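Read off the chains here:
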Amino acid sequence: MAHPVQLSLQDATSPVMEELITFHDHAFMAMSLISFLVLYALLSTLTTKLTNTSITDAQEMETIWTILPAIILILIALPSLRILYLTDEVNDPSFTIKSIGHQWYWTYEYTDYGGLIFNSYMLPPLFLNPGDLRLLEVDNRVVLPIEAPVRMMITSQDVLHSWTIPTLGLKTDAVPGRLNQTVFTATRPGVYYGQCSEICGANHSFMPIVAELIPLKIFEMGPVLTL
Amino acid sequence: MAPEVLPKPQMRGLLARRLRFHMVTGFVLSLGVAALYKVGVADKRKKAYADFYRNYDAMKDFEEMRKAGIFQSVK
């Protein structure tokens, strides 16, 4: 989860998120280049008494300030397209879990090797233990393996929701009547948090997602029934 | 006695000269800012991730977390 006043992206827990962070750095670098140039031009215009009120036909300048932005945009677009296709790669997932959005909780279905289905409600503040995170903890977490591609099938029972875990680089809309697919491979064990990311009513801010990522061989041992 | 004649000052093209100087300086400085960001932030971050994962032991990390009691599914 984010630490207080965090403005940057969360640390990556999947290779795709690492690529997203790298792309963000690339786009931010282009943005700071342009912003600095414009700020410098603005300041140098404001700090002179020299003027020219009859500028016409600056063809060379116009060519440069058309071609150069086009080149910058291409330099941003190429890595963007690369990562767009990277995020859509589906590389033979080992495991499929369904996530169904409701007002205002998530249902998880593990139907690959049995029929485990459970709801995941936010823990109200009065039910929190010391050290728990307010408005982020849930009663039943979704348990997933690391170092194995996992497919999430996401849909909704009622209105639009969005299943999000920032550190894994996941944000997938839960649309009623539609099954959206997202695939990820996590690299580190731990407990990772996300929040519903599509306005869905009064308790939209109170239906978080908590993923417990554990090593594959521990995951394969089967669920510890905490329901 | 003949009066001293000063050299004629530059009277034209002052703005053009200033613009040329500042456009070049602006481009160079902004490329420098971009290079600083690339080296100081972007490459540093990539190296940090590479260093983290070079000798990373997921099982050891998991065991430490399990002993700290953060997991619900494994105690």
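Refer to the structure presented above.
A brief report on the enclosed structure follows. Small disclaimer: the values here were computed from a predicted structure and weren't measured.

Residues and elements named next belong to chain A. Applying the stated criterion across every chain yields a total of 12 aromatic pairs over all chains. On the basis of an interplanar angle of 15° and a centroid distance of 4.4 Å, the ring pair of tyrosine 105 and tyrosine 121 is categorised as stacked. Note that tyrosine 105 is positioned in strand 2 (residues 105-110) and tyrosine 121 in the loop between strand 3 (116-120) and strand 4 (142-145), a separation of 16 residues in sequence. Look at tyrosine 108 and phenylalanine 118: their rings are 5.8 Å apart centre to centre, the planes differ by 50°, and that puts the pair in the tilted class. Here tyrosine 108 is found in strand 2, whereas its partner phenylalanine 118 is found in strand 3, with 10 residues between them in sequence. A single burial state applies to tyrosine 108 and to phenylalanine 118, both of which are buried. Put simply, the rings of Phe95, Tyr108, Tyr110, Phe118, Trp163 and Phe219 touch in pairs and so form one group of aromatic residues.

Below, the discussion takes up the sheet that holds strand 5 (residues 150-156) of chain A. Residues and elements named next belong to chain A. Spatial strand order, 3-2-1-5-8: five strands in an open sheet with mixed pairing. The outermost strands of the open sheet, each flanked by one partner alone, are strand 3 and strand 8 (180-184). Each strand of the sheet is rotated relative to its neighbour by a mean of 20°, with strand direction disregarded. As defined by bridge partners, strand 5 adjoins strand 8 across five bridges and the pair is classed as antiparallel. Of the residues in strand 8, the one forming a bridge with isoleucine 154 is asparagine 180.

Each partner contributes residues to the interface: chain B has 33 residues there, and chain A has 41 residues. Across the chain B to chain A interface the summed buried area is about 3200 Å²; carbon plus sulfur atoms make up 70%. Note that arginine 45 of chain B is salt-bridged to aspartate 25 of chain A, the shortest N-O span being 2.8 Å. Summed over the shared surface of chain B and chain A, the number is 12 residue pairs in polar contact (both at pLDDT 80 or more). Only helix 1 (14-54) and helix 2 (58-68) of chain B provide two or more residues apiece to the side of chain B that touches chain A. Broken down by element, the residue count for the side of chain B that touches chain A peaks at 22 residues, all from helix 1 of chain B. Counted by class, the side of chain B that touches chain A contains 22 nonpolar, six polar and five charged residues.

Here is what the cut-offs are and how they apply
Residues numbered from 1 in each chain as written. Chains lettered and ligands numbered in written order. Predicted model: local features only at pLDDT ≥ 70, side-chain atom pairs only at ≥ 80, totals over all residues. Heavy atoms only, no water. Phe/Tyr/Trp six-rings, centres within 6.5 Å; stacked < 30°, edge-to-face > 60°. Helix = DSSP H or I, 4+ residues; strand = E, 2+ residues; numbered from the N terminus. Buried < 20%, exposed > 50% of the residue type's maximum accessible area, 1.4 Å probe, protein only. Pairing = 2+ DSSP bridges. Axes fitted to C-alpha atoms, helices over the stretch in contact; angles between N-to-C directions. Contact = heavy atoms within 4.5 Å. Buried area = accessible area lost by both parts, 1.4 Å probe. Salt bridge = Lys/Arg side-chain N within 4 Å of Asp/Glu carboxyl O. Polar contact = N/O pair within 3.5 Å; in protein donor to acceptor, adjacent residues only side chain to side chain. Nonpolar A, V, L, I, M, F, W, Y, C, P; charged D, E, K, R; others polar.

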